[in-house]
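Structural overview for review
Residues per chain are reported as follows:
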Amino acid sequence: MSIKNLTEEELEKRFHDRIEKGEIIEPKDWMPERYRKQLIRMMSQHAHSEVVGMLPEGNWITRAPSLRRKAVLLAKVQDEGGHGLYIYCGTETLGISREEMLDGFLTGKAKYSSIFNYPTLNWADMGAIGWLVDGAAIVNQTVLAKCSYGPYSRAMVRICKEENFHHKQGYEILATMMKGTDAQKQMAQDAINRFWWPSLMMFGPSDKDSPNSGDLLKWKVKLFSNDELRQRFIDRTVPQAENIGIKLPDPLLKWNEAKGHYDHGDINWEEFYNVINGRGPCNKQRMKQRRDAHINGEWVRDAVVAHEEKKKSEKVAA
Ligand code: 3HC
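Residues numbered from 1 in each chain as written. Predicted model: local features only at pLDDT ≥ 70, side-chain atom pairs only at ≥ 80, totals over all residues. Heavy atoms only, no water.

Helix and strand counts for the protein chain stand at 13 helices and two strands. Relative to the 2.2 N^0.38 estimate, which gives 20 Å for 318 residues, the radius of gyration of the protein chain is 21 Å and therefore close to what a compact globule would have. Taken along its principal axes, the extent of the C-alpha atoms in the protein chain is 70 × 55 × 35 Å. In the protein chain, of all internal contacts separated by at least 6 residues, the share reaching a separation of at least 24 is 76%. For the protein chain, the accessible area works out to roughly 16,400 Å², and carbon and sulfur atoms hold 57% of it. The positive charge centre, built from 47 side chains, and the negative charge centre, built from 44, are 3 Å apart in the protein chain. (Helix = DSSP H or I, 4+ residues; strand = E, 2+ residues; numbered from the N terminus. Rg over C-alpha atoms; globule rule 2.2 N^0.38 Å. Contact = heavy atoms within 4.5 Å. Areas by Shrake-Rupley, 256 points an atom, 1.4 Å probe, with all protein chains shown as cover. Lys, Arg positive; Asp, Glu negative; His and termini not counted. Charge placed at Lys NZ, Arg CZ, Asp CG, Glu CD.)

Given below as structure tokens:
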């Protein structure tokens, strides 16, 4: 039966049945307005995060300790920009323009990941970001690669391949430093002391304080809750830390045989909400850099549009 004749209620039920059956929703399919809005919110903020994530690492490209490290970091930062563009394109399939998304970001209405509001003080931080931040992203994004919205899940498949390279290069930086001088070991340990808890915050507030998870889990955009993915990241990361002799800064971290997980200390949620509400160590700096880049890049956007229009008019004239 053509969906034209279905009532709103029948459409909702049909959509819900499709989700329950594990079907993938494509841009041209009927979807509840709230599903579309939730995806726009989540995907656009994911894209903003990827682009802002270039800033803390970009800061160290000219300071990399060797040509090899510089080349690897350059490739990683370039990947992150590509991830942002990829996810912006995926979000545009939901009927929002790039300008609207960027406007939401540049006016501060939209969020980006809290983790990028912490400073990168030395080279070991590049290792901490690759190992912990990209490690957390892998846990999150490998699950999103199975989510119900086609363009998002497919974008994640491609992005996760590159995240694995990001994760490995970060871990290798720290493993190398942990075999180095005492000063290098201390630098690596200090970086993990600063990035461990903010990395756990990447998974969002605890489930009881997550206003969006209900919708997202119901529609299989999220397949696990914030706390479940956070726990998966902790369980995966603790043995990796032990392998290279890094101590994670949580005295309550302890394997719980009965649960099959690591017990861990409490997250500082006051810090989390301060950072996501603009009061983190680098929020102002990151937003200024992004706004300046947008203003200074206007001529590039104008040139691309002019070039496209010239090509179109030449085609018409031919
Ligand atoms: N940073 C900033 N804001 C956060 C946040 C964080 N770490 N965690 C949650 N929030 C915000 C949410 O956006 C929401 O605010 P909003 O309604 O105004 O958007 C509010 O806090 C409540 O959180 P919820 O749990 O209800 O929100 P979600 O259900 O959307 O869950 C999320 C938050 C887990 C981040 C989820 O949106 C998600 O999985 N997003 C996709 C992945 C993503 O965005 N990752 C960001 C990192 S990008 C990255 O890692 C790049 C890599 O290459 C390094």
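The rest of the description comes next.
Glancing now at the environment of arginine 41. Examined against the element boundaries, arginine 41 turns out to sit in helix 2 (residues 33-52). Its relative accessible area of 27% is what places arginine 41 among the partly exposed residues. C-alpha of arginine 41 to C-alpha of methionine 101: the two residues are 60 residues apart in sequence and 9.2 Å apart in space. Discounting chain neighbours no more than four positions away, the residues touching arginine 41 are Asn212 and Leu216. (Buried < 20%, exposed > 50% of the residue type's maximum accessible area, 1.4 Å probe, protein only.)

With that settled, consider the environment of glutamine 169. Residue position: glutamine 169 is located in helix 7 (residues 150-177). The spacing of glutamine 169 and isoleucine 87 is 82 residues in sequence and 23 Å in space, taken between C-alpha atoms. Excluding its chain neighbours within four sequence positions, the residues that come into contact with glutamine 169 are Arg69, Val72, Lys76, Met126 and Gly130. Of the polar contacts made by the side chain of glutamine 169, one reaches the backbone oxygen of histidine 166; its length is 2.9 Å. (Polar contact = N/O pair within 3.5 Å; in protein donor to acceptor, adjacent residues only side chain to side chain.)

The next subject is the pattern of salt bridges. Counted under the stated rule, the structure contains 24 salt bridges. Taking the shortest distance from any N to any O, the salt bridge between arginine 18 and glutamate 23 comes out at 2.5 Å. Its relative accessible area of 29% is what places glutamate 23 among the partly exposed residues. Overlapping salt bridges, with partners in common, bring together Arg18, Lys21, Glu23 and Asp29 in one network. (Salt bridge = Lys/Arg side-chain N within 4 Å of Asp/Glu carboxyl O.)

Next up on the list: helix 11 (residues 269-276). Residues lying three or four places apart along an α-helix face the same way, a consequence of the helix completing one turn every 3.6 residues. Where helix 11 starts, the residue carrying a side-chain oxygen 3.1 Å from the main-chain nitrogen of glutamate 270 turns out to be asparagine 268. Immediately beyond the C-terminal end of helix 11, within one or two residues, lies glycine 278, with a positive phi of roughly 90 degrees.

Bringing the side chain of glutamine 45 into the picture now. With respect to the secondary-structure elements, glutamine 45 resides in helix 2. For glutamine 45, the contacting residues outside a window of four places in its chain are Ile40, Ala110, Lys111 and Tyr112.

We now examine the side chain of threonine 237. With respect to the helices and strands, the residue threonine 237 is situated in helix 10 (residues 226-244). Within the local environment of threonine 237, its side chain forms a polar contact with the backbone oxygen of phenylalanine 233, the two atoms lying 2.6 Å apart. In contact with threonine 237, other than residues within four places in its own chain, are Trp131, Leu132 and Trp196.

Quick look at the domain arrangement of the protein chain now. When the domains of the protein chain are assigned, the result is domain 1 (3-280) and domain 2 (282-318). Computed over C-alpha atoms only, the centres of domain 1 and domain 2 are separated by 28 Å. With 18 residues of domain 1 in contact, the opposing surface of domain 2 contributes nine residues. The contact between domain 1 and domain 2 buries some 1,200 Å² in all, and 58% of this surface belongs to carbon and sulfur atoms. Of all residues in domain 1, Leu55, Phe105 and Leu106 give up the largest surface area on contact with domain 2, accounting jointly for 44% of the area buried on that side. Where domain 1 meets domain 2, there are zero salt bridges. The interface formed by domain 1 and domain 2 contains eight residue pairs in polar contact (both at pLDDT 80 or more). Counting only elements with at least two residues in the side of domain 1 that touches domain 2, the list comes to helix 2, helix 3 (54-58) and helix 5 (98-106). A total of three residues in the side of domain 1 that touches domain 2 trace back to one element, the largest contributor, which is helix 5. Here the side of domain 1 that touches domain 2 is built from residues that sort into 12 nonpolar, five polar and one charged. (Domains from an automatic or database assignment. Buried area = accessible area lost by both parts, 1.4 Å probe. Nonpolar A, V, L, I, M, F, W, Y, C, P; charged D, E, K, R; others polar.)

Together, Trp299, Val300 and Val304 line one region of the surface with nonpolar side chains, adding up to about 330 Å² of accessible area. Along the chain, valine 304 turns up in helix 13 (residues 298-317). (Patch = residues over 30% accessible without salt bridge, like charges linked within 9 Å, V, L, I, M, F, W, Y side chains within 5 Å.)

If you add up the space inside the largest pocket, you get close to 1,100 Å³. In terms of lining residues, the largest pocket is bounded by 47 residues, among which Ser113, Asn140, Met202, Phe203 and Gly204 are the most central. Only helix 2, helix 4 (67-92), helix 6 (124-144), helix 7, helix 9 (213-218), helix 10 and helix 11 provide two or more residues apiece to the lining of the largest pocket. Element by element, the count of residues in the lining of the largest pocket is highest for helix 6, at nine residues. Leu85, Leu102, Arg290, His294 and Arg301 are, among the 19 residues lining the second largest pocket, the residues nearest its centre. Those elements giving two or more residues to the lining of the second largest pocket turn out to be helix 3, helix 4, helix 5, helix 12 (283-296) and helix 13. Sort the elements by how many residues they give to the lining of the second largest pocket and helix 5 lands first, with five residues. Broken down by class, the residue content of the lining of the second largest pocket amounts to 10 nonpolar, four polar and five charged. Composition of the lining of the second largest pocket by domain shows at least three residues from each of domain 1 (3-280) and domain 2 (282-318). (1 Å grid on protein atoms, 1.4 Å probe; cavity = no way out; pocket = protein on both sides within 12 Å on 5 of 7 lines; lining within 4 Å. Points joined across faces, edges and corners; volume = space filled by probe spheres on them.)

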